[in-house]
Amino acid sequence: MAHKAEDFFIFAIPTLNSMVDFYSVGVLHDIHAYMQKSKIAISSDKFGVLQARSHILEMIKENFDKYGIEYGEYIRMLWVDSDIRINETAQTLAEKFKIADEKGLNLIANYKNTWTNGGFINVLSKTNDKGTYTTLTDDELNSLQDMQELPQGWVGGLGFYYGLVPIDYRFHFERYDKGDGKVHEFGEDIAFFRDMYRRSPDYRLTYLKINLAHKKEVFI
């Protein structure tokens, strides 16, 4: 009996220093059992986040072809950044992922990122009238319900995303003009979501209200 891509729980971790969060890996390792699927875990330490993410998709496709696993234009998979700490149980996440599979949802979770002057921001962002994005305030984030569909055009980070990914996709930055004569770029995660909206008018993100921490460390 031939296997199909949907028979697997696929999770991918791009890591630039060959390190990942031990506790997160422990959670990720057990999700497939609760989903009653086989597991594919894959990582890449190619230099640069674009190369690492694209290399992961190349390896997935290469191994699908090698082992005769059927797949289409899109696969469903989980992206997790190597510096994300997952403060949830495998069973909790598996239940959310099963709902996403059944209903065709694309789940995005929020986490904090560093900002200027030692500040912090949420990565989940809404569109604005300048053609760019405004990060959600804590109050706006807290007003969202778990598994709530987000307005079209909203974006987030690929630090935790479970949903559709084109298997032939190549990650890239996307330049945009602010009219100040400087070069500005959307990161590969925002560029990915922008591409997904362009590919499919029906594409939407669904908010996954879980507890994530974002590690920022300096080794000296």
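Per-chain numbering applies: the sequence of each chain, read as written, is numbered from 1 onward. Reporting in this predicted model follows two pLDDT cut-offs: at least 70 for local features of residues, and 80 or more for side-chain atom pairs to be given and counted; totals over whole chains, interfaces and linings ignore these cut-offs and use all residues. Excluding hydrogens and water, the side-chain values take into account all heavy atoms of the structure.

1. Regarding the overall build of the protein
Logical step 1: In DSSP terms, a helix is any run of H or I states spanning at least four residues, a strand is any run of E spanning at least two, and both are numbered starting from the N terminus. Of regular secondary structure, the protein possesses 5 helices and 15 strands.
Logical step 2: Between the two quantities, the radius of gyration covers C-alpha atoms and the globule rule is 2.2 Å times the number of residues to the power 0.38. The C-alpha radius of gyration computed for the protein amounts to 17 Å, which stays within 12% of the reference 17 Å derived for 220 residues, consistent with globular compactness.
Logical step 3: Dimensions of the protein along its principal axes, counting C-alpha atoms only, are 60 × 45 × 30 Å.
Logical step 4: The cut-offs for exposure are 20% and 50% of the maximum accessible area for each residue type, with area from a 1.4 Å probe on protein chains only; residues under the lower value are buried, those over the upper are exposed, and the others partly exposed. Taken over 220 residues, the protein has a buried fraction of 45%.
Logical step 5: The long-range fraction of contacts in the protein, counting pairs at least 24 apart against all pairs at least 6 apart in sequence, stands at 75%.
Logical step 6: Carbon and sulfur atoms make up 50% of the accessible area of the protein, which amounts to about 12000 Å² in all. The criterion used for residue contact is that any of the two residues' heavy atoms lie within 4.5 Å. We get accessible surface area from the Shrake-Rupley algorithm with a probe of 1.4 Å; when it comes to residues, only the shown protein chains can shield them.

2. Describing the nonpolar core
Logical step 1: In this structure, Ile-60, Phe-64, Met-77, Trp-79, Tyr-161, Phe-192 and Phe-193 are the most contacted members of the largest nonpolar core, which totals 39 residues.
Logical step 2: Of all the elements in the fold, those that place two or more residues in this core are β1 (8–14), β2 (38–44), α2 (49–67), β3 (74–80), β11 (160–166) and α5 (188–199).
Logical step 3: Excluding residues that lie within four positions of it along the chain, Phe-192 makes contacts with Leu-158, Tyr-161, Leu-164, Val-165, Pro-166, Tyr-169, Phe-171 and Tyr-203.
Logical step 4: Nonpolar cores are built from buried Ala, Val, Leu, Ile, Met, Phe, Trp, Tyr and Cys residues. Side-chain atoms within 4.5 Å join them into one set. Counting 26 residues, the second largest nonpolar core, distinct from the first, contains Phe-11, Leu-28, Ile-31 and Ala-94.

3. Observations concerning the packing of aromatic side chains
Two numbers describe a pair of aromatic rings. These are the distance of the centres and the angle of the planes.
Logical step 1: Only Phe, Tyr and Trp rings take part, Trp by its six-membered ring, and two of them pair if their centres are within 6.5 Å. Stacked means planes under 30 degrees apart, edge-to-face means over 60, and tilted covers everything else. The full count for this structure, using the stated rule, is 17 aromatic pairs.
Logical step 2: Note on Phe-9 and Phe-11: the rings are 5.7 Å apart at their centroids and 35 degrees apart in plane angle, and the pair reads as tilted.
Logical step 3: Judged by its relative accessible area of 0%, Phe-9 is buried.
Logical step 4: For Phe-11, a relative accessible area of 6% corresponds to the buried category.
Logical step 5: Seen from their ring centres, Trp-79 and Phe-171 are 5.5 Å apart, and the 85 degrees between their planes marks the pair as edge-to-face.

4. Looking at the sheet that holds β1
Logical step 1: Taken in spatial order, the 7 strands line up as β2-β1-β3-β11-β5-β14-β10 in an open sheet, and their pairing is mixed. Strands with a single pairing partner mark the edges of an open sheet, and in this sheet they are β2 and β10 (148–149).
Logical step 2: Pairing of β3 with β11, which is carried by 7 bridges, proceeds in the antiparallel orientation. Within the sheet, the bridge partner assigned to Val-80 lies in β11 and is Phe-160.
Logical step 3: α2 contacts β1, β2, β3 and β11 of the sheet and is inclined by roughly 140 degrees relative to β2.
Logical step 4: Whenever a helix is involved, its axis is fitted only over the stretch in contact; in every case the axis is a line through C-alpha atoms, and angles between N-to-C directions fall within 0 to 180 degrees. Lying on the sheet, α5 is in contact with β3, β5 (107–108) and β11; it crosses β11 at an angle near 45 degrees. Strand pairing is assigned whenever DSSP identifies at least 2 bridges connecting the two strands.

5. Structural notes on the environment of Lys-178
Logical step 1: Mapped onto the secondary structure, Lys-178 falls in the loop between β12 (174–176) and β13 (184–186).
Logical step 2: Remark: the alpha-carbon pair of Lys-178 and Lys-130, spanning 48 residues in sequence, is separated by 8.3 Å.

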